[in-house]
Amino acid sequence: MSGAIEQARPGGLGDFVMRAGLASILVGNSIVALVAPGEFERVIAVNFIGRHLHAGVVSGMVGFVVVNDLALGLVILSGRLRQIAYVWLGAWLTVVAAIRITNLVW
């Protein structure tokens, strides 16, 4: 195999770098949500759906972000459950993008 293909295959250096990068973004986001939850609460609260939610629900959603992003980051970094992790990541990023986009539109 050529060097680039070898590195991109599961278990190769390229695969590890990609997983480490994704995991660092998710774990970092989890830490920020934990130490500065107000930023996340504001993003959720100004959303057209979030405006109708009780403050306790918004805080609970931030707690979910902390746990979800940490767990997802660690699963991706481990390299186990790849298909489940990447489907989970895709679904999660779709939800986050939908929240961000609707914040711009509404």
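Above: the structure in question.
In this text, all values refer to a predicted model and were calculated from it rather than measured experimentally. (Residues numbered from 1 in each chain as written. Predicted model: local features only at pLDDT ≥ 70, side-chain atom pairs only at ≥ 80, totals over all residues. Heavy atoms only, no water.)

(A) Quick peek at the layout of surface pockets. Quantified by volume, the largest pocket comes out at close to 410 Å³. Lining the largest pocket are 18 residues, with Asn-29, Phe-40, Val-65, Trp-92 and Val-96 sitting closest to its centre. Among the secondary structure elements, those contributing two or more residues to the lining of the largest pocket are helix 2 (13–35), helix 3 (37–45), helix 4 (55–78) and helix 5 (82–105). When residues of the lining of the largest pocket are assigned to their parent elements, the largest contribution, 7 residues, is made by helix 5. Here the lining of the largest pocket is built from residues that sort into 15 nonpolar, 1 polar and 2 charged. (1 Å grid on protein atoms, 1.4 Å probe; cavity = no way out; pocket = protein on both sides within 12 Å on 5 of 7 lines; lining within 4 Å. Points joined across faces, edges and corners; volume = space filled by probe spheres on them. Helix = DSSP H or I, 4+ residues; strand = E, 2+ residues; numbered from the N terminus. Nonpolar A, V, L, I, M, F, W, Y, C, P; charged D, E, K, R; others polar.)

(B) Summary view of the side chain of Asn-47. Along the polypeptide, Asn-47 turns up in the loop between helix 3 and helix 4. Discounting residues that sit within four places of it in the chain, Asn-47 has contacts with Ile-99, Thr-102 and Asn-103. (Contact = heavy atoms within 4.5 Å.)

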